[in-house]
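# Chain and residue survey
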Amino acid sequence: GAGVSQSPRYKVAKRGQDVALRCDPISGHVSLFWYQQALGQGPEFLTYFQNEAQLDKSGLPSDRFFAERPEGSVSTLKIQRTQQEDSAVYLCASSSGWGLSYEQYFGPGTRLTVT
Amino acid sequence: AQSVTQPDIHITVSEGASLELRCNYSYGATPYLFWYVQSPGQGLQLLLKYFSGDTLVQGIKGFEAEFKRSQSSFNLRKPSVHWSDAAEYFCAVGTGNQFYFGTGTSLTVIP
């Protein structure tokens, strides 16, 4: 079946612009995660949804970052007034259950470049 | 605070040679431990995981890892590397709903 998909795959934004990154999880997966991966680094946790509920947003770096999953399926990560330090690959992952015992399936990521 | 250390930024091995990638973690309790592989243009793929029980775990693609509590380590091994194993490898610790990833080890395989 289809895996996790993300769009766009590449995004170039001028500093100060708003961007929206989309994640389509595997159908039926209840948990959804967003990560930020800077160049040469490992992914860093941003936020976690269980169905439509955002249970943990402790990793969001500033109030310019906002994520939603209104119907418990597709999720959008929005970054307002982008800054150069926001340049990174944004990864989405989904899993079929709650908790870390369920495997997370990762999408290919969206590479954001802020100029 | 939880942390994951992968001391080797880059490793080069010959095809057919054995491989060991190191991972050390800092965490108060017995963590959930994972190894992921990331190939260019591909998403992260789970190789194996450890939650409890037998400290030697088998994964996909012929990989295995051993949890050593006394050393706070979870090293990844493969007895014979294939050219297709060239990729970035990440160790991760899981707690609550969060993963903490290491900075990764880049593996190059030479013929």
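In this report, we go over the structure that sits alongside the text. Residue numbering note: each chain is counted from 1, following its sequence as written. By the order in which they are written, chains take letters starting at A while ligands take numbers starting at 1. Only residues with pLDDT of 70 or above have their local features reported here, since the model is predicted, and side-chain atom pairs are shown and tallied only from 80 upward, although totals for entire chains, interfaces and linings are computed over all residues. Excluded from the side-chain calculations are hydrogens and water; all other atoms, namely the structure's heavy atoms, are used.

Let us look at the overall build of chain B. Each helix is a run of DSSP H or I of at least 4 residues and each strand a run of E of at least 2, with the numbering of both proceeding from the N terminus. When helices and strands are tallied, chain B shows zero helices and twelve strands. Reading chain B from its N end, one meets helices and strands in the order β-β-β-β-β-β-β-β-β-β-β-β. A globule of 111 residues ought to have a C-alpha radius of gyration of about 13 Å, and chain B, at 13 Å, matches this closely. With the C-alpha coordinates of chain B rotated into their principal frame, the extents come out at 40 × 30 × 20 Å. Working definition: with a 1.4 Å probe on protein chains only, accessible area under 20% of the residue-type maximum means buried, over 50% means exposed, and in between means partly exposed. Within chain B, the fraction of its 111 residues that count as buried is 45%. A separation threshold of at least 6 residues defines the contact pool for chain B, and within that pool the share at least 24 residues apart is 52%. Surface accessibility of chain B: about 5,200 Å² in total, with carbon and sulfur atoms responsible for 49%. The convention is simple: Lys and Arg are positive, Asp and Glu are negative, and His and the chain ends are not counted. For charged residues, the charge sits on one atom: NZ in Lys, CZ in Arg, CG in Asp, CD in Glu. For chain B, the separation between the mean place of its 7 positive charges and that of its 8 negative charges on side chains is 5 Å. Note on method: radius of gyration uses C-alpha positions; expected globular size equals 2.2 Å times residues raised to 0.38. A contact between two residues is defined here by any heavy atoms of the two lying within 4.5 Å. Shrake-Rupley sampling with a 1.4 Å probe provides the accessible areas, and residues are treated as covered by the protein chains on show and by no other component.

Nonpolar cores are built from buried Ala, Val, Leu, Ile, Met, Phe, Trp, Tyr and Cys residues. Side-chain atoms within 4.5 Å join them into one set. Ranked by internal contacts, the top residues of the largest apolar core, which has 26 residues, are L19, W35, L47, L48, F74, L76 and Y89 of chain B. For this core, the elements supplying multiple residues, two or more each, are β2 (10-14), β3 (19-21), β5 (32-38), β6 (45-50), β8 (64-68), β9 (73-78), β10 (87-95) and β12 (105-110) of chain B. Of the residues forming this core, the biggest block, four residues, is contributed by β10 of chain B. One finds A13, F65, A88 and V114 of chain A within the second-largest nonpolar core, a separate group that totals 20 residues.

Bringing the state of the cysteines into the picture now. The rule for a disulfide is simple: a pair of cysteine sulfur atoms within 2.5 Å. Per the counting criterion, the structure on display carries two disulfides over all chains. In this model, C23 of chain A is linked to C92 of chain A through a disulfide, with the two sulfur atoms separated by 1.8 Å. Between C23 of chain A and C92 of chain A, the S-S dihedral sits near -65 degrees, and the bridge is therefore left-handed. Of this pair, C23 of chain A sits in strand β3 (residues 19-24) while C92 of chain A is found in strand β9 (residues 88-95), placing the two residues 69 residues apart along the sequence. The exposure classification of C23 of chain A matches that of C92 of chain A, with both residues buried. For C23 of chain B, the disulfide goes to C91 of chain B, at an S-S distance of 1.9 Å. Note on the C23 of chain B and C91 of chain B pair: the S-S dihedral is about -65 degrees, so by sign convention the disulfide is left-handed. One end of the pair, C23 of chain B, is in the loop between β3 and β4 (24-26); the other, C91 of chain B, is in strand β10, with 68 residues separating them in the sequence. Side by side, C23 of chain B and C91 of chain B carry an identical accessibility label, which is buried.

The values reported here are purely geometric and, on their own, carry no functional implication.
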